[in-house]
Amino acid sequence: MQQTVDREVLERDLAEFLDIARTPDYCPNGLQVEGKRDIQRIVAGVTASRALIELAIEQGAQAILVHHGLMWKGDPQVVRGFRKQRLELALAAGLNVFAYHLPLDKHPEVGNNIQLGRMLGWPSDRAVGDKGLVHVGALQQPQRLGDLLAYVETVLGRKPDIQGVSDPDRLVRTVAWCTGGAPGYVEDAALAGADLYLTGELSEPSVHVALETGVSLVGAGHHATERCGVQALGSWIAQRHGVQVTFHDLFVTV
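Here's what I pulled together on the structure shown here. What you see is a predicted model; the values in this text were computed from it and never measured.

We now examine the pattern of salt bridges. In this structure the tally under the stated criterion is 14 salt bridges. A salt bridge links Glu88 to Lys84, with the nearest nitrogen and oxygen atoms 3.2 Å apart. Pair noted here: Glu88 and Lys84 are both in helix H3 (residues 81–93), with a separation of four residues, about one helical turn. The exposure class assigned to Glu88 is partly exposed, which follows from its relative accessible area of 46%. Given a relative accessible area of 37%, Lys84 falls into the partly exposed group. The shortest N-O distance in the salt bridge between Asp169 and Arg144 comes to 2.8 Å. Taken together, the positions of Asp169 in the loop between strand S9 (161–164) and strand S10 (171–178) and Arg144 in strand S8 (residues 134–144) put the pair 25 residues apart, joining distant regions of the chain. Given a relative accessible area of 30%, Arg144 falls into the partly exposed group. It is possible to trace a salt-bridge network through shared partners that takes in Asp6, Arg7, Glu8, Glu34 and Arg37.

Bringing a nonpolar patch on the surface into the picture now. Together, Leu250, Phe251 and Val254 give the surface a local cluster of nonpolar side chains, amounting to about 260 Å² of exposed area. For Val254, the location among the structural elements is in the segment after strand S13 (244–247).

Before going further, it helps to spend a moment on the packing of helix H5 (residues 112–120) against helix H10 (residues 228–241). One can describe the packing of H5 onto H10 by two numbers: an axis separation of 8 Å at closest approach and a directional angle of 100°. It follows from the interaxial angle that H5 and H10 lie roughly perpendicular. Touching Asn112, Gln115, Leu116 and Met119 of H5 are Cys228, Gly229, Val230 and Ala232, all from H10. Tallied by class, the residues present in the contact of H5 with H10 amount to five nonpolar, three polar and no charged.

Parameters and conventions
Residues numbered from 1 in each chain as written. Predicted model: local features only at pLDDT ≥ 70, side-chain atom pairs only at ≥ 80, totals over all residues. Heavy atoms only, no water. Salt bridge = Lys/Arg side-chain N within 4 Å of Asp/Glu carboxyl O. Helix = DSSP H or I, 4+ residues; strand = E, 2+ residues; numbered from the N terminus. Buried < 20%, exposed > 50% of the residue type's maximum accessible area, 1.4 Å probe, protein only. Patch = residues over 30% accessible without salt bridge, like charges linked within 9 Å, V, L, I, M, F, W, Y side chains within 5 Å. Areas by Shrake-Rupley, 256 points an atom, 1.4 Å probe, with all protein chains shown as cover. Axes fitted to C-alpha atoms, helices over the stretch in contact; angles between N-to-C directions. Parallel < 35°, antiparallel > 145°, perpendicular 65-115°, else oblique. Contact = heavy atoms within 4.5 Å. Nonpolar A, V, L, I, M, F, W, Y, C, P; charged D, E, K, R; others polar.

Here's what the structure looks like:
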């Protein structure tokens with residue numbers, strides 16, 4: 001018989017494991033929508049989109065686990081349009097919505113950043129930046145920028161954008177990375193001595209900083225760089241509580 005976990009037990013367990021109380025954020029971390037008490041099946045994904053909610057309902061799940069949840073600081077104080085549709089679907093089905101943002105980015109075991117570094121085989125010697133999100137490491141052997149970009153594309157399944165110093169023959173000795181939308185940390189990467197800084201998406205100001213500090217700035221995709229954390233967290237939940245957790249990759253082009 002498939003095991004179940006009590007909603008409140010899972011909520012407390014995740015709050016402790018991810019240390020959400022000590023991670024300031026601009027969204028609520030934890031249980032964003034309360035659903036059925038007994039959870040047997042969880043559908044995991046990067047974003048709590050309507051498509052993921054519908055898929056979870058179709059598969060008979062009692063909860064979804066995501067990195068990008070339903071509520072953000074600065075959102076309109078009204079429930080209408082696509083926000084109403086998402087909430088309406090989740091509430092009607094008794095679907096719990098668990099969302100973890102910065103606590104999942106920075107977690108030392110299942111976090112997006114540590115998991116992405118492991119996927120790429122990049123060493124993490126230290127973490128820098130105001131929230132300690134940027135990982136920095138020296139490669140065992142210097143590598144051509146062109147070869148590194150090809151490798152990133154193979155691992156993530158998406159062709160990365162390169163800005164700043166873009167000579168494919170440039171030798172990269174030290175790399176830095178931060179998943180998702182973190183182009184503003186390029187200066188921290190440069191100050192830490194990185195030749196290359198990889199993040200999910202780029203911004204116009206970050207390109208100029210990269211050029212002026214001599215950094216190769218890589219945009220590898222917001223979604224593409226943040227698939228690994230929620231998968232690792234889902235595996236942790238499955239092993240700890242014996243419930244079924246399945247990850248669904250619904251959007252991989254950004």
